[in-house]
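Here are the chains, one letter per residue:
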Amino acid sequence: MKALELKTVFSNSEKTGEICKYFENNELSHVHLKGLVGSSPTFIANGVFSKFPVDQVFILDDKEEAAYFYNDLERIVGEEKVLFFPSSYRRPYQIEDTDNSNILSRAEVLNALSKRSSNKCIVTYPDALSEKVVTKSNLEKNTTRINVGDEISIEFLNEVLYEYGFEREDFVIAPGQFSIRGGIVDVFSFSNDNPYRLEFFGDEVESVRTFDPVTQLSIKEYKRIAIIPNVQTTLLKEGRETFLEFLTKNTLVWTKNIELAAERIHKDYERAEVAYKEMEDSPLQHLKPLDLFSTRDSFITELKQRNTIEFGTQHFLDADLTIKFNQKPQPSFNKNFDLLHDDIAAKKKQGFTNIILADNSKQ
């Protein structure tokens, strides 16, 4: 059995159909899935995503667990449909402790959700949700969208990028940089993993493509792009909202452990309050923690107002529908293939279909 066939088994299962039908027929629902083990939640998620096409957000317990879940989901659903939403701060209010690559990933997610071109699966964790994000209206106001064929002067684009806080360099190597050489503008937006190269013929955008900043080789051509500044800068800190508020109302939120996530968000908020008090004597003005960080109560309130699926061992919200799966973890064979053989044979006698997954044919 190939992976595609296994995906089909879960997608066409009676229980996957029951989940999708329930959400289609009910405006606001909280569903509990019990008895899932291993990577089965990602197969169920793929089935639900294919039959109930809305944005879906998966909240795992921590960054490491979220990364594993993201890798599984990316392989099953497809990498173009799955995004990772990380935290940007290592410590609250410490700009020097922000992670540039994580800021880029956060901006990429916000841009994908605001474009509404296709439904996405977003994998995240409590630390990332504790930070508020720019509002949709503020993000759109500070986003420059460029299409091939547009009439736009290089001088005007230069002014816009300076206003966004981009730095002009000879060569771009990191997000937030741009360069101008004759009729070519290179800009490293916070909405893409690679910089864009715009070629102008006079004031007309003749072509747009991404390129490798090390080799300078072209990667992919685009008909339209969005240039987004650093979403963590003071330029976009006014009028922020939680990530759950940023999502559309019909987004389906999957959670592993709501109580644990809420507690971690609460601890992040407490750390922010401590850091804010330590800066009271600073001549610089800072926004208050409530303006920049989510609280435990707001997180729980927002979840109650959305369609949710709880798939962990702990369940927090009152269930409108509970679906039980009869799954058990695989026994540990400790590399004893005789035990593995006996277990497979016993399962076959009991009427089970044995499916063995491997990374390659040799394995």
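Criteria and thresholds
Residues numbered from 1 in each chain as written. Predicted model: local features only at pLDDT ≥ 70, side-chain atom pairs only at ≥ 80, totals over all residues. Heavy atoms only, no water. Helix = DSSP H or I, 4+ residues; strand = E, 2+ residues; numbered from the N terminus. Buried < 20%, exposed > 50% of the residue type's maximum accessible area, 1.4 Å probe, protein only. Contact = heavy atoms within 4.5 Å. Areas by Shrake-Rupley, 256 points an atom, 1.4 Å probe, with all protein chains shown as cover. Lys, Arg positive; Asp, Glu negative; His and termini not counted. Charge placed at Lys NZ, Arg CZ, Asp CG, Glu CD. Pairing = 2+ DSSP bridges. Axes fitted to C-alpha atoms, helices over the stretch in contact; angles between N-to-C directions. Parallel < 35°, antiparallel > 145°, perpendicular 65-115°, else oblique. Left-handed = near helix turned anticlockwise from the far one by under 90°. Nonpolar A, V, L, I, M, F, W, Y, C, P; charged D, E, K, R; others polar. 1 Å grid on protein atoms, 1.4 Å probe; cavity = no way out; pocket = protein on both sides within 12 Å on 5 of 7 lines; lining within 4 Å. Points joined across faces, edges and corners; volume = space filled by probe spheres on them. Salt bridge = Lys/Arg side-chain N within 4 Å of Asp/Glu carboxyl O.

(A) Just the overall build of the protein, in detail. Scanning the protein from terminus to terminus reveals 13 helices and 17 strands. If you line up the protein on its principal axes, its C-alpha atoms span 75 × 50 × 45 Å. The proportion of buried residues among the 363 residues of the protein is 47%. Put simply, of all contacts in the protein between residues at least 6 apart along the chain, 71% involve residues at least 24 apart. Within the structure as shown, the protein displays about 19800 Å² of accessible surface, and the carbon and sulfur contribution to it stands at 48%. Computed over 45 positive and 58 negative side-chain charges, the inter-centroid distance for the protein is 7 Å.

(B) A look at the pairing of strand β1 (residues 30–34). In terms of burial, β1 is a largely internal element, four of the five residues being buried. Sheet topology places β1 next to strand β16 (residues 307–310); three bridges connect them, and they run parallel. Bridged to Val 31 within β16 is Ile 309.

(C) Here's a closer look at the packing of helix α2 (residues 14–25) against helix α3 (residues 40–51). Direction vectors running N to C along α2 and α3 enclose 45°, while the axes themselves pass 9 Å from each other. By the criterion of interaxial angle, the relationship of α2 to α3 is oblique. Here α2 runs over α3; the crossing is right-handed. Contacts between α2 and α3 involve Thr 16, Ile 19, Cys 20 and Glu 24 on the former and, on the latter, Ile 44, Gly 47, Val 48 and Lys 51. In the contact of α2 with α3, the residues fall into four nonpolar, two polar and two charged.

(D) Region of interest: the pairing of strand β12 (residues 218–222). With four bridges connecting them, strand β11 (residues 204–211) and β12 associate as antiparallel partners. By the bridge assignment, Arg 209 is partnered in β12 with Glu 221. Linking two consecutive strands that pair antiparallel, namely β11 and β12, is a turn of six residues; a positive phi of about 70° is found at Gln 216 within it.

(E) Up close: unusual backbone geometry. One non-glycine residue, Asn 334, lies in positive phi territory at about 50°. Locating Asn 334 in the fold gives a position in the loop between β17 (321–324) and α13 (337–349). A positive phi angle is found at Lys 335, which is not glycine, with a value near 65°. Along the chain, Lys 335 falls in the loop between β17 and α13.

(F) Seen up close, the layout of surface pockets. By volume, the largest pocket is sized at about 2100 Å³. Together, 43 residues line the largest pocket, and Leu 6, Gln 330, Ile 355, Ile 356 and Leu 357 are the ones closest to its centre. Going through the elements one at a time, α1 (3–11), α2, α3, α4 (63–77) and α13 are the ones with two or more residues in the lining of the largest pocket. A class-by-class count of the residues in the lining of the largest pocket yields 21 nonpolar, 11 polar and 11 charged. The volume enclosed by the second largest pocket comes to roughly 890 Å³. Of all the secondary structure elements, the ones that give two or more residues to the lining of the second largest pocket are α4, β3 (82–84), α5 (100–115), β6 (144–147), β12 and β13 (224–227). Of the residues in the lining of the second largest pocket, the class split is 10 nonpolar, eight polar and 11 charged.

(G) Here's a closer look at the pattern of salt bridges. Going through the model one piece at a time under the given rule, you end up with eight salt bridges. Asp 186 is the salt-bridge partner of Arg 197, the closest N and O atoms lying 2.8 Å from each other. On the criterion of sequence distance, the pair formed by Arg 197 in strand β10 (residues 196–201) and Asp 186 in strand β9 (residues 184–187) is long-range, its members being 11 residues apart. Given the relative accessible area of 8%, Arg 197 is considered buried. On the basis of relative accessible area, Asp 186 is assigned to the buried category, the value being 2%. Where Arg 271 meets Asp 268, a salt bridge forms, and the shortest distance between an N and an O atom there is 2.2 Å. In this pair, Arg 271 and Asp 268 both sit in helix α10 (residues 258–278), three residues apart, roughly one turn of the helix.

(H) Quick peek at the sheet that holds strand β7 (residues 167–168). A sheet is described by the order of its strands in space; here six strands give the open sequence β7-β8-β9-β10-β11-β12, paired in mixed fashion. The sheet terminates laterally at β7 and β12, the two strands that pair on one side only. Packing of helix α8 (residues 154–163) onto the sheet brings it into contact with β7, β8 (177–181), β9 and β10, and relative to β8 it is tilted by some 160°.

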